[in-house]
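The chain contents come next:
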Amino acid sequence: MAVRITAEAAPPTPWSRNLAEPTIHPSAFLHSFSNIIGDVRIGANVIIAPGTSVRADEGTPFYIGENTNLQDGVVVHGLEKGRVIGDDRQEYSVWIGKNNCITHMALIHGPCYIGDDCFIGFRSTVFNARVGAGCIVMMHALIQDVEIPPGKYVPSGAIITNQQQADRLPDVQADDKEFAHHVVGINQALRAGYLCAADSKCIRTIRDELNNSYTSIEVDVLERSDEVSSNSLGAETVEQVRYLLQQGYHIGTEHVDQRRFRTGSWTSCKPIEARSLGEAIAALEACLRDHSGEYVRLFGIDPKGKRRVLENIIQRPDGIVQASSSFKAPTYSSNNGSYNGNGSSRLSSETIDQIRQLLAGGYKIGTEHVDERRFRTGSWQSCKPIESSSPGDVVAALEDCMDNHQGEYVRLIGIDPKAKRRVLESIIQRPNGPVSTPSNKSTATTTSYAASGTTATATSSKLSSEAVEQLQQLLAGGFKISAEHVDGRRFRTGSWASCGQIQANSIREAIAALEGYMNEYQGEYVRLIGIDPKVKRRVLELIVQRP
């Protein structure tokens, strides 16, 4: 199938009647639902995604450097007057250098210069400005009438319209550079994939490989774990492999180096098509040898539900993971699907209780993570979606998110699928390790949700029983209480503002103070904050009011 290139000459206008046409390098990929008009010079390995509009019909010419990607919905346009000097010392309306990521719905309007190795975030606007090489502009930012020095970081929602603001911007950090380079790599893989999809010979080869790899595999004989030995894998891992095969699951492995581990960019090892435990162990050991010095993880695949089960890291850069106890297959109650395992080595009993109650109430569970720098702006990112309603699978997914984002904040999210709103936000890991919620022997510590039958000793006309119960637990545990608010527009960027600390000696005083803030900020989001005064960190973030 040939790719239809939607590139056309500029229309004749009073300021330009030369009918200039785009110049496109043969290795570039332009999606058939993109539009390129006029004197647009597109370099090698560029990818232009669906819905993108690059119109050099007023301001002209445009330059887009090699390895740059313009993602869905990007608009590039320019005013008739005003030019910038490109790296080739020629005049352009818009110059976009090489290795750039211009992400979804961004607007680049000339006169505009963007240097090499830059990242422009979702829905951000750059107009009549110069952005130096290596800059990272996050989401919903405005850059206008300024010059951003090279290597600067523009946070989400920032409005940079004078040079003093631009000069005060912080420097880009190493992990930000890695993230931008990762996005470039992803889009280069997409470019190659789209070109292959348009080539009948290439796609036929891929389909033949898929047909061969998805042939059914039957396990003839499963040896007992004590009959199979491994020089590198612990007995727990061998037992886990045996259990997966016994349950009819397929087995997969993935590896990642230390740099990409932070972004979760795992790569598959060779498919394991084992008919016996011994063959599966040999394949695992081969993956460990091929990727020594990297992270390697083992997982099972449910061929019916097409989902992963029991993800487990079995090697880290410093060597094989040695478990302290043997693997025990998770067990589930046949009548209600409740988790009967021995708990979690990473999660507190309070967190596991929260998981049980959320699932019992029909809520969905999600997880989010954020590093220390972005924690201040509330720029949380989602971990893998949790589709299972089994407590065991949910615990495993939470621990996997914590493993993949060590040194970061991780929080548990409870979601009401009917109302499409959050009912719980609870931090379960901080940069210094998992959160251990203190318990109080004289106070019941089980969280009460709307679906449960438990009622609080104090009532509120505005707060849910869950919020009242959380207040009781915070007061009983000696935590400080405060609240934050944010309007609907800033909620998307996580720009919360403090309402102030709540000084309360009783649950009724705390409820009254929180209801006062809800009345004061009607039409906005309000959330309850619990703070551990000893270590000066948050133990709870719970939204109690929405617009």
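Residues numbered from 1 in each chain as written. Predicted model: local features only at pLDDT ≥ 70, side-chain atom pairs only at ≥ 80, totals over all residues. Heavy atoms only, no water.

(A) Molecular detail of the overall build of the chain. Each helix and strand counted, the chain has twelve helices and 36 strands in total. Residues classed as buried in the chain amount to 48% of the 547 residues present. Restricting the contact set of the chain to residue pairs at least 6 apart, pairs at least 24 apart contribute 47%. Of the roughly 27100 Å² that the chain leaves accessible, carbon and sulfur atoms contribute 47%. (Helix = DSSP H or I, 4+ residues; strand = E, 2+ residues; numbered from the N terminus. Buried < 20%, exposed > 50% of the residue type's maximum accessible area, 1.4 Å probe, protein only. Contact = heavy atoms within 4.5 Å. Areas by Shrake-Rupley, 256 points an atom, 1.4 Å probe, with all protein chains shown as cover.)

(B) Up close: the nonpolar core. Counting residues in hydrophobic clusters, the biggest one holds 42 residues, and the most contacted among them are Ile355, Leu463, Leu471 and Val544. Here this core gets six residues from one element, more than from any other, and that element is helix α12 (residues 507-520). In contact with Val544, other than residues within four places in its own chain, are Leu463, Ala467, Leu514, Met518, Val526, Arg527 and Leu528. (Core = buried A, V, L, I, M, F, W, Y, C linked by side-chain atoms within 4.5 Å.)

(C) Representation of the side chain of Asn100. Within the secondary structure, Asn100 sits in the loop between β13 (94-96) and β14 (101-102). A distance of 2.8 Å separates the side chain of Asn100 from the backbone oxygen of Gly97, its partner in a polar contact. (Polar contact = N/O pair within 3.5 Å; in protein donor to acceptor, adjacent residues only side chain to side chain.)

(D) Expanded view of the sheet that holds strand β6 (residues 47-48). Taken in spatial order, the seven strands of this open sheet run β3-β6-β9-β14-β16-β18-β21, and their pairing is parallel. Every interior strand has two partners, whereas the edge strands, β3 (29-30) and β21 (153-154), have only one. Where strand β16 (residues 119-120) meets strand β18 (residues 136-137), two bridges bridge the pair, whose relative direction is parallel. Looking at β18, one finds that Phe119 is bridged to Ile136. (Pairing = 2+ DSSP bridges.)

(E) Summary view of the pairing of strand β17 (residues 125-131). Direction of pairing for strand β15 (residues 107-114) relative to β17: parallel, over a ladder of six bridges. Directly across from His109, in β17, lies its bridge partner Phe127. Bridge count between β17 and strand β20 (residues 147-148): two bridges; the pairing is parallel. Bridge assignment links Arg130 to a residue of β20, and that residue is Glu147.

(F) Seen up close, the pattern of salt bridges. Scanning all chains against the criterion turns up nine salt bridges. A salt bridge links Arg411 to Glu368; its shortest N-O distance comes to 2.8 Å. Pair noted here: Arg411 is in strand β30 (residues 409-416) and Glu368 is in strand β28 (residues 364-370), with a separation of 43 residues, a long-range link. Neither residue differs from the other here; Arg411 and Glu368 are each classed as buried. Between Arg527 and Glu484 there is a salt bridge, with the nearest N and O atoms lying 2.8 Å from each other. Taken together, the positions of Arg527 in strand β35 (residues 525-532) and Glu484 in strand β33 (residues 480-486) put the pair 43 residues apart, joining distant regions of the chain. Glu484 carries the same exposure label as Arg527, and that label is buried. A cluster of three or more residues bridged by salt bridges with shared partners is formed by Glu368, Arg411, Glu484, Arg527 and Glu541. (Salt bridge = Lys/Arg side-chain N within 4 Å of Asp/Glu carboxyl O.)

(G) Structural detail: the state of the cysteines. Throughout the structure, instances matching the rule amount to two disulfides. Each sulfur in the disulfide pair Cys269 and Cys287 lies 2.2 Å from the other. Of this pair, Cys269 sits in the loop between β24 (267-268) and α6 (277-290) while Cys287 sits in helix α6, placing them 18 residues apart in sequence. You'll find Cys269 and Cys287 in the same group, each marked buried. (Disulfide = S-S within 2.5 Å.)

(H) Spotlight on the environment of Leu195. One can find Leu195 in helix α2 (residues 174-197). Relative accessible area serves as the criterion here: at 32%, Leu195 is assigned to the partly exposed category. Dropping the residues within four chain positions of it, Leu195 is found in contact with Ser27 and Phe29.

(I) Inspection of α12 at higher detail. Between its terminal C-alpha atoms α12 stretches 20 Å, which fits the 20 Å expected from 14 residues at 1.5 Å a residue. For α12, the complete set of buried residues consists of Ile507, Ala510, Ile511, Leu514, Glu515, Tyr517 and Met518. What you see down the axis of α12 is that its buried residues fit within an arc of 155 degrees, all on one side. Among the exposed residues of α12, those pointing more than 90 degrees away from its buried face are Arg508 and Glu520. Tucked inside the fold, the buried residues of α12 contact α10 (465-476), β33, β34 (497-502), β35 and β36 (537-545). (Expected span 1.5 Å × (residues − 1). Arc of directions from axis to C-beta.)

(J) Expanded view of the confidence of the model for the chain. In this model, the chain carries a mean pLDDT of 79, and residues with pLDDT of at least 70 account for 82%. Between residues 330-342, whose pLDDT stays under 50, and residues either more than four places distant or in other chains, the model counts 21 contacts. (pLDDT = per-residue confidence, 0-100.)

(K) Focus on the packing of aromatic side chains. Scanning all chains against the criterion turns up five aromatic pairs. Aromatic side chains Tyr92 and Trp95 sit 5.1 Å apart centroid to centroid with 65 degrees between the ring planes, which places their arrangement in the edge-to-face category. Per residue, the accessibility class of Tyr92 equals that of Trp95, and both read buried. Cluster of aromatic residues (ring-pair linked, three or more members): Tyr63, Tyr92 and Trp95. (Phe/Tyr/Trp six-rings, centres within 6.5 Å; stacked < 30°, edge-to-face > 60°.)

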